[in-house]
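Analysis of the macromolecular model
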Amino acid sequence: MTEENITVNAVRDSFRESLAGASTLQELDEIRVKFTGKKGSLTQLLRSLGKLPPELRKSTGQEVNTLRDEIEHELDHAGRKIRDAENEKQEISQRIDVTLPAHGRTSGAFHPVLQTMHEIADIMQGLGYSVASGPEIEEDYYNFECLNVPPWHPARDMQDTFYFADGTLLRTHTSPVQIRSMLKYGAPLRIVCPGKVYRRDNDTTHSPMFNQMEGLLVDKNVSFSVMKGTMSEMLNAFFGKSLRYRFRASYFPFTEPSMELDIECVECSGHDEHCRVCHGTGWLEVVGMGMVHPNVIRAGKIDPDEYNGFAFGIGLDRMAMLKYGIGDLRLLFDGNVSYFMSGFGGAEKC
Amino acid sequence: MLISWELLKNFIDIEPLNLTPEELAERLTFSGSEVESITYTAGKMKGVVAAKINALEAHPKDAKYSIAHLDTGTGIHVCITSAKNMKKGDTVFYAGEGSILPDGTQLGTRDFHGVMSYGMMLSAEELGLHDVDDPSGLLILPNDARPGDKAESLYHVGDVILDVSITPNRGDLLSLLGMAREIKGLYPKSTLKTPEWLRPLKQDKEWSEEFGKISLPDKGCYAYRLGLATGAKISDSPLTAKIDLAHLGMRPINNAVDVTNYVMLMLGQPLHAFDLNTLPAREITVRAAHEGEHMMTLDGKDRALTERDMLITSGGEAIALAGVMGGEQTGINDDTNTIVIESASFSPVRVGHTSRRLGINSEAAFRFSRTVDPALSKSALMAATTLIRDWCGAVVDYKPLSSENDIHEPKPVTLTRKKLSVYLSWDNMNEAAKILDGFGISQVKDNGDSRVFMPPSSRPDITIEEDLIEEIGRFRGYNETEERLPGEMPKRADIGDSMRLAGFVRNTLIPRGYTEVLTYSFLPEDFPEKLRLNPDDIRAKPLTISNPISRDQMSMRTTLLPGLLSGLKVSITSGWREPVRIFEQGRVFLRDAEQSHTEPEHVAGLIFNGLDTRSPSGNRNEDFYSIKADVESLITARGYRVDFVSGHENFMHAGQTADIFADGVKIGYAGRLKPAIEQELDVSGVYVFEIDVTGLTESRKPAFTPASSFPASFRDISLLVADTKSNDDVMKDIRQCVKDSGSDITLESLRLFDIYAGKGIPDGFRSLAYSLSYRSHAKTLTVDEVESLHNGVRESLKAKGYVVR
């Protein structure tokens, strides 16, 4: 160890000792002058460098500079600590009640059916489906006739219809968009169409206006297996869990074969005989579907010998009711903000 | 469609299947005929038995009552009744002490003026059998009832009724026979049976009555047959038949009419019975109605007819609307003894048209429009005459009179292994043929991978290969089929501009405090009036529904505003006192000269401060400028410039309404609701906006400008401005003055920071103070350069008439 080193270390020790004894900003300033000032210890050390043998000058010089950085850093740090401690006393005197209500607007709430619609459209986009649309005031031709339901057909009894004086009607399902899309885009095709539909029905389980999402896939050699796989993907993605479901044979004039899809009651999973959602059956009907009838493919100006496909109609209100546990369909369409906000803690829960 | 378990046993041997009604219901439901309910007709009934009245005496104290001594086979019971229709030796149903009626009532003893009555004797009504017998009298049983026999085991009292929802393509299932055939298909081990009354009957005698021709000039009548029954006695039907009819939802009338209903329920063929002597002439013609012809139907309504309707006439007089409803004058009455039974086959299209147009959904029309097997018209007529013989004691061995047009014959349908395999991911052709055979669809040609099948006449719904595949699919069920996704993802799946816009709107407004609502597309008829719309405003002429449910849901909305106002009202009525902020997006429906109508997509919002605006942080009421911020957020984030210009709407505040422009195109309005309308809603301070977002569908990409590396210079300017001049006007002037200066310095921002009126400011004026930020993109500005420009701007503003303060 050289004599000069001893000196650098001695200055450091002396600085540490002084710093440990300082408790005010003024004392810190005094220490700063004592060590780094014009007449301070470090300046003196630097001045003494010339007296050192040349081989030591450089290294000792570096050590002195390092010490200067150290001293400045530690002084700054100590200064911040002292200032913060002083400020904090004042801050505590400015204490507020953080539980007071927030200022301004807080977030509103989404409508469960529209949320459902957007979620399912997103899921279906992931499966390769584009969104198509059609008018809500529709022509009889698209709503019925080209879907294999001529005017005399008893299947018209399945859908009680609102009419206008000129013979147009409020679409009773989103299925007319099948034809409109086939005519517009041709095959192969994958579309969904969400939207309002209307039937002349009004009771606790029927609203004259409700929401559907039509789906259509047209391609070569389409199998029921693919429709089944698609339904399963869609339902699992939407409900965020793997639900049990089942298919029942059914009838729609525009599909052949036709079926309906029931899913396990999301409320009781079939364990509650008095379940308000499934009424004890354990199952809920949510989608009607089938393989597109060749006549419908033909009405879409596509060759049914070359292409076939499947179509489905999802009851969006039903899906929303299931996902969000809504018991009464009519609550969805009256615009009552207290109802929609209630799901988001908007109203004080006591 | 109601199905009786007991009657089903007449058509199919289901006993060996060991099947419960519940199991059958499940199988039917999964194969396409949903069973909606299962009813055990005896309900909770327990301990009710047949009993013979051994002795009958009047009550000693009250002549209203009779005392009966009943033999139940196991003892004698005393029972008192007020009924009058029984006599000694009759057998009745007796519910003794402790027994339970179908509705759950438990019987005990009762003291009738000192005489104890144990339980009661029952009327049909008390057995849950409505319309079977006079409800005020006892149900008197036929002679074959043995005392002690349990009521539920007699006369089909204890039956199981399945309510099955039959889809419109399966007219063949609207009968017990059809259901039996379906069950046979679903359970291949079962065997079909033929009830006694459906066996062939020898009918070869010429009619004893004179009768002319049956003419069928209308080809919509495929076949028309008449059967004759003479010497009939009109009375009640056998008890079992009456109970069967009641269980299947039909009121027993008399034996002749009951036969026609019974056969229709059993076989699916609608029949009509008339009194031969009430026919206007001894001839029948089935013809198309003349345009404008009228007829009085059985329900007393005068019907105007078209050429599509078919009439059954006799001697030129219309006696029935073919396949739909009879006329008034030819029915069976108590004195009828010569009955003619009509059994016909009609075009489903023609009957469908008539019944839909006239809104008549009779049992006959319901069935004919869903197709009745043409082969039935013969066998059903024979069955009906057999039952008329049995129930009315008539002579029926007369040869039926018949006339036929072309009868639809089933056509063969080919099933290929390829399509079967594609559709169902299953291709066992032999198994498929077996399944089809179970449903009566027989294989007529076997080419291995391609086979030809012939559907029975009862299944006109089977016409294409997919129909065969559906039979196989619904037999096998769809739950075991493998699942997969399409092998190849089509490219370019796109949620589309309008869906993206809808998503953008909700993602913008919900975080801004709005709740999303969805209201009905139809509005009350008087909404244009309530909104004070001018009669020539397009929104005052909504499209109206011809057959609305009510006047409140009659007119298609031309604006989203009424829906939001009713949402506000409902919210407040339900007790919500906090601020209301709601928005809706959806279509409105406007008349259009060229395309009959258009459906533009609108977005509308409403804010209301709430009924209770007290707050610990002081008054935070919202106003025009809050809703303006919301609208600006919507429009500018789509990349469009937004302008608010003082505007007018009849339903808005005359001084606080703006027209909204996006890139110079008017797209809607914003402002305060007309105070008079607020008053009608019992609120104050409602701000609304409504815009047509069609023009915002395309989202403009923002063009970014890098910040200048040279500092900006800020100067303020304060101007005395007449109230008639808007802030926008002033800002425009300031910008123009900077531009006019010819300087290459840019006015980077212009911001209003103070408005003052009052002391020191003349009436009709206000002082507006702006902060201007000058900047060059090429250099750091010197104080002199900025001062010189700013002074120039002040001078030009003075020149424009402003007082610069």
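Residues numbered from 1 in each chain as written. Chains lettered and ligands numbered in written order. Predicted model: local features only at pLDDT ≥ 70, side-chain atom pairs only at ≥ 80, totals over all residues.

1. Description of the overall build of chain A
Here is the rule: The helix and strand labels rest on DSSP assignments: H or I over at least four residues marks a helix, E over at least two residues marks a strand, and numbering proceeds from the N terminus. Here a residue counts as buried when 20 or more other C-beta atoms sit within 10 Å of its C-beta, as exposed when there are 12 or fewer, and as partly exposed otherwise, the C-beta atoms being derived from the backbone. Residue pairs are scored as contacts if the distance between their C-beta atoms, which are placed from the backbone, is within 7 Å.
The helix and strand tally for chain A stands at 11 helices and 9 strands. With the principal axes as the frame, chain A shows a C-alpha extent of 115 × 55 × 45 Å. The 350 residues of chain A split such that 40% are buried. Considering only contacts in chain A between residues 6 or more positions apart, those separated by 24 or more positions represent 67%.

2. Structural notes on the overall build of chain B
Within chain B one finds 18 helices and 42 strands. Its C-alpha atoms give chain B principal-axis dimensions of roughly 130 × 85 × 60 Å. Scored against the burial criterion, the 805 residues of chain B give a buried share of 42%. Of the contacts formed within chain B by residues at least 6 apart in sequence, a portion of 69% connects residues at least 24 apart.

3. Observations concerning the interface of chain A and chain B
The following threshold applies: In this classification, the charged set is Asp, Glu, Lys and Arg, the nonpolar set is Ala, Val, Leu, Ile, Met, Phe, Trp, Tyr, Cys and Pro, and all remaining amino acids, among them Gly, are polar.
With 74 residues of chain A at the interface, the matching set in chain B holds 79 residues. Among the secondary structure elements, those contributing two or more residues to the side of chain A that touches chain B are helix H5 (112–126), strand E1 (130–131), strand E4 (189–198), strand E5 (209–219), helix H8 (224–239), strand E6 (245–252), strand E7 (255–264) and helix H11 (337–342) of chain A. Here the element with the most residues in the side of chain A that touches chain B is H8(A); it accounts for 8 residues. Its residues placed into classes, the side of chain A that touches chain B shows 37 nonpolar, 22 polar and 15 charged.

4. Side note on the environment of Tyr40(B)
Counting through the fold element by element, Tyr40(B) comes out in strand E3 (residues 34–40). Between the alpha carbons of Tyr40(B) and Asp90(B) there is a distance of 28 Å; along the sequence they are 50 residues apart.

5. Side note on unusual backbone geometry
With an omega of -5°, the peptide bond between Ala187(A) and Pro188(A) qualifies as cis. In the segment running from Glu256(A) into Pro257(A), the intervening peptide bond is cis, with an omega of -5°. For Pro257(A), the position within the fold is in strand E7. Although it is not a glycine, Thr371(B) sits at a positive phi angle of roughly 75°. Along the chain, Thr371(B) turns up in the loop between helix H7 (363–369) and helix H8 (376–392).

6. As for the pairing of strand E25 (residues 413–416) of chain B
All names here are of chain B. The line we're drawing: Should DSSP find at least two bridges between two strands, the strands are regarded as paired.
The side-chain alternation of E25 yields one buried face, formed by Val413 and Leu415, and one unburied face, formed by Thr414 and Thr416. Of the strand pairs in this sheet, E25 and strand E27 (residues 450–454) are connected by 4 bridges, and their pairing is antiparallel. Following the sheet pairing, Val413 is matched in E27 by Phe453.

7. Considerations on helix H9 (residues 417–424) of chain B
Our working definition: The reported arc concerns the directions from the helix axis to the C-beta atoms and nothing else.
Every buried residue belonging to H9(B) is among Leu420(B), Tyr423(B) and Leu424(B), and all of these are buried. Down the axis, H9(B) shows its buried residues gathered within 75° of arc, on one side only. Looking at the packing, one finds that the buried side of H9(B) touches H8 and strand E8 (283–292) of chain A together with E25, helix H10 (429–438) and helix H11 (465–476) of chain B. Looking one or two places after H9(B), you find Ser425(B), whose phi comes out positive at around 55°.

8. Some points on the sheet that holds E25(B)
Residues and elements named next belong to chain B. Formally: Lines fitted to C-alpha atoms define the axes here, with helix axes fitted over just the stretch in contact, and angles between the N-to-C directions of these axes take values from 0 to 180 degrees.
Within the open sheet, the 3 strands sit side by side as E25-E27-E26. Their pairing is antiparallel. Each edge of the sheet is formed by a strand with only one pairing partner; in this case those strands are E25 and strand E26 (442–446). For this sheet, the mean inter-axis angle between neighbouring strands, taken without regard to orientation, is 35°. In this sheet, E27 lies alongside E26 in antiparallel orientation, the contact comprising 4 bridges. Residue pairing in the sheet places Asp446 in a bridge with Arg451 of E27. Sheet strands touched by H11: E25 and E27. Its angle to E25, the strand with the most contacts, is close to 65°.

9. Comments concerning the nonpolar core
The test is simple: Each nonpolar core consists of buried Ala, Val, Leu, Ile, Met, Phe, Trp, Tyr and Cys residues. Their C-beta atoms, within 7 Å, join them into a set.
Of all hydrophobic cores here, the largest spans 151 residues; its most connected members are Val218(A), Phe310(A), Ile472(B), Leu564(B), Leu606(B) and Val688(B). The residues contacting Val218(A), other than those within four sequence positions of it, are Met182(A), Ala187(A), Pro188(A), Leu189(A), Val292(A), Ile297(A), Ile302(A), Tyr307(A) and Gly309(A). Listed in part, the 125 residues of the second largest apolar core include Trp5(B), Tyr94(B), Ala241(B) and Val351(B).

10. Some details on the sheet that holds strand E17 (residues 284–288) of chain B
The pairing of strands in a sheet happens through backbone hydrogen bonds and is either parallel or antiparallel. All names here are of chain B. With respect to topology, 5 strands assemble into an open sheet ordered E14-E17-E20-E21-E22, the strand pairing being mixed. The sheet is open, and its two edges are formed by strand E14 (214–215) and strand E22 (325–326), each paired on a single side. Taken together, the 2 bridges between E14 and E17 define a ladder with parallel strand orientation. Counted as the bridge partner of Ile214 is Ile284 from E17.

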